[in-house]
Amino acid sequence: MSRKLLAGVSLLLSLAATGVHGQAPSLGVANARQVVGAPKGQPLAGVALEAEAKRVALLLRCPVCQGLSVFESPSSMALNMRGQVRELVAAGYDEDQVLRYFERSYGEFVRLEPPLRGMNWVVWLAPIGGLVLGGFVVAWALRKPKAAAAPETSATLDDDPELQPYLLRVRELAYGWPAGVKPEDSRR
Amino acid sequence: MNKRVLAVGGLVTLPLVGLLLMSLGHDPHRVDSPLIGQKAPAFTLTPVGGGAPVSLESLRGKPVVLNFWATWCAPCFEEHPALTQAARAMAGQAHFFGVIYEDEEEQVEGFLKEQGSAYPSLLDDAGKTAIAYGVYGVPETYFVSPDGVIVEKYVGPLTPKAITALVAQASAR
């Protein structure tokens, strides 16, 4: 008997609690409304809410960790932020609104992926630019040796007059050229 | 040929050296608060030990010092006397409030009984106010102008001199 009464009272209390919650949005939602306006999406619940809350929490950087998302970090701050993301997503705030809400407090730093604007273009384009530039450098380096190969043998002979007699003697001994001069060269 | 290598090398290296020089002396862990110069996020929070909830809206007309702290934080312990003294000295000129960051109410009550207190500390459910203010850790103190705009954020333990200067800065706005 008393157990039924207790159940009834607790049901009434929980209904009253949800009623109060419905009238006055929580502090986080009220703040979000001030910053990013009314929710743009549909309120979510159940599996859809959990999936969307996880997806958005993965895009937010935990401010007290090293490169971890709010979803992955075990810190209590990340836990609080995760709770707030869930609350905002449940109220119908979309990804962009949730990110902008946190960005107002923590700056762009809170986004794990830097948005494509301002100096951030460099972050996105520099790797591609580097790859293209590297390709040119490699192509240039591979082309070089062929061009430089030709004028070698005759250059040394004229370069150093002191070495010339020795060089001619070596050629005479090695190739049997008279006086070390190539026969067709001497004819010219 | 050497001149060309030098030119290409310079073209690649000089911007990088420039970037390095530009970043020297810049602490990569320091992120300036985007909230400075913006309207302070609203809150309505219950004081430790009970009492009527305090809302930021109700504090208009005087500068507000909002100190996020916790009993487990050593620098907070260090700055507590400075804040208490300043709050007593500036009673009537500025509002001082503590906001509890990741701590238990009983712990805070015990701490305040032991160390003394000159202003209310507010309970922040699930850290929502801390998140709205972009708090990274404690202690962090926000100085809000009489018309509700964040004038400065101070990271680390406050000194009496800093409090006086920043309250003056907040009321001058």
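Residues numbered from 1 in each chain as written. Chains lettered and ligands numbered in written order. Predicted model: local features only at pLDDT ≥ 70, side-chain atom pairs only at ≥ 80, totals over all residues. Heavy atoms only, no water.

1. Considering the overall build of chain A
The helix and strand inventory of chain A stands at nine helices and zero strands. Tracing chain A from N to C terminus, the helices and strands come up as α-α-α-α-α-α-α-α-α. Counting every atom, chain A has about 12700 Å² of accessible surface; 65% of that belongs to carbon and sulfur. (Helix = DSSP H or I, 4+ residues; strand = E, 2+ residues; numbered from the N terminus. Areas by Shrake-Rupley, 256 points an atom, 1.4 Å probe, with all protein chains shown as cover.)

2. Examining the side chain of E103(A)
Inspection of the secondary structure assignment puts E103(A) in helix α5 (residues 95-106). By relative accessible area, E103(A) is classed as buried at 13%. (Buried < 20%, exposed > 50% of the residue type's maximum accessible area, 1.4 Å probe, protein only.)

3. Re the interface of chain A and chain B
If you look at the interface, chain A gives 25 residues, while chain B gives 28 residues. Note on chain A versus chain B: buried area summed over both sides is about 2100 Å², and carbon and sulfur give 56% of it. Broken down residue by residue, the surface that chain A buries against chain B is led by L27(A), R104(A) and Y106(A), which jointly contribute 29%. Along the contact surface separating chain A from chain B lie one salt bridge. One salt bridge in this structure joins K128(B) and E87(A), with 3.0 Å as the shortest N-O distance. In this assembly, chain A and chain B are joined by eight residue pairs in polar contact (both at pLDDT 80 or more). If you list the elements that add at least two residues to the side of chain A that touches chain B, you get α2 (27-36), α4 (76-90), α5 and α6 (120-148) of chain A. Its residues assigned to classes, the side of chain A that touches chain B comprises eleven nonpolar, ten polar and four charged. (Contact = heavy atoms within 4.5 Å. Buried area = accessible area lost by both parts, 1.4 Å probe. Salt bridge = Lys/Arg side-chain N within 4 Å of Asp/Glu carboxyl O. Polar contact = N/O pair within 3.5 Å; in protein donor to acceptor, adjacent residues only side chain to side chain. Nonpolar A, V, L, I, M, F, W, Y, C, P; charged D, E, K, R; others polar.)

4. Description of unusual backbone geometry
Peptide bonds are mostly trans, and most non-glycine residues show a negative phi. Residue and element names in this part refer to chain B. Cis peptide bonds are those with omega within 30 degrees of zero, and the linkage from V138 to P139 qualifies with -5°. Structurally, the position occupied by P139 is in the loop between α4 (128-132) and β6 (140-144). One non-glycine residue, E102, adopts positive backbone phi at about 45°. With respect to the helices and strands, the residue E102 is situated in the loop between β4 (95-100) and α3 (105-115).

5. Some details on the pattern of salt bridges
Under the definition given, this model contains 13 salt bridges over all chains. Of the charged contacts, one joins R173(B) and D147(B) as a salt bridge, the two residues approaching to 3.5 Å between their closest N and O atoms. Of this pair, R173(B) sits in the segment after α5 (160-172) while D147(B) sits in the loop between β6 and β7 (150-155), placing them 26 residues apart in sequence. By relative accessible area, which is 52% here, R173(B) ends up exposed. Connected through shared salt-bridge partners, E103(A), E108(A), R111(A) and R117(A) make up one network.

6. Here we look at the confidence of the model for chain B
Caution applies to low-pLDDT regions: their predicted coordinates should not be interpreted in detail. Confidence in the prediction of chain B, expressed as mean pLDDT, is 93, and 97% of residues score 70 or more. Scored by ipTM, the complex comes to 0.83, with pTM at 0.73. (pLDDT = per-residue confidence, 0-100.)

7. With respect to the packing of aromatic side chains
All names here are of chain B. Within the structure shown, the criterion is met by twelve aromatic pairs over all chains. Between F77 and F111, the ring centres sit 6.0 Å apart and the planes meet at 75°, which makes this aromatic pair edge-to-face. Taken together, the positions of F77 in helix α2 (residues 74-89) and F111 in helix α3 put the pair 34 residues apart, joining distant regions of the chain. On the basis of relative accessibility, which here comes to 44%, the residue F77 falls in the partly exposed class. (Phe/Tyr/Trp six-rings, centres within 6.5 Å; stacked < 30°, edge-to-face > 60°.)

8. A closer look at α4(A)
The periodicity of an α-helix, 3.6 residues per turn, causes residues three or four places apart in sequence to face the same way. Helix length check: α4(A), at 15 residues, gives a terminal C-alpha distance of 21 Å against a target of 21 Å (1.5 Å per residue), a fit within 8%. For α4(A), every residue scored as buried is listed here: M77(A), A78(A), N80(A), M81(A), Q84(A), V85(A), L88(A) and V89(A). In the core, the buried residues of α4(A) are packed alongside α2, α3 (46-57) and α5 of chain A together with α4 of chain B. Looking at the residues trailing α4(A), positive phi occurs at G92(A), about 105°. (Expected span 1.5 Å × (residues − 1).)

9. Let's talk about the packing of α4(A) against α5(A)
Residue and element names in this part refer to chain A. Packing of α4 against α5 brings their axes to within 10 Å, and their N-to-C directions diverge by 140°. With respect to their mutual orientation, α4 and α5 come out oblique. Note on packing geometry: the crossing formed by α4 with α5 is right-handed. Of α5, the residues touching α4 (which contributes M77, M81, Q84, V85, L88 and V89) are V98, Y101, F102 and Y106. For the contact of α4 with α5, the per-class residue count stands at nine nonpolar, one polar and no charged. (Axes fitted to C-alpha atoms, helices over the stretch in contact; angles between N-to-C directions. Parallel < 35°, antiparallel > 145°, perpendicular 65-115°, else oblique. Left-handed = near helix turned anticlockwise from the far one by under 90°.)

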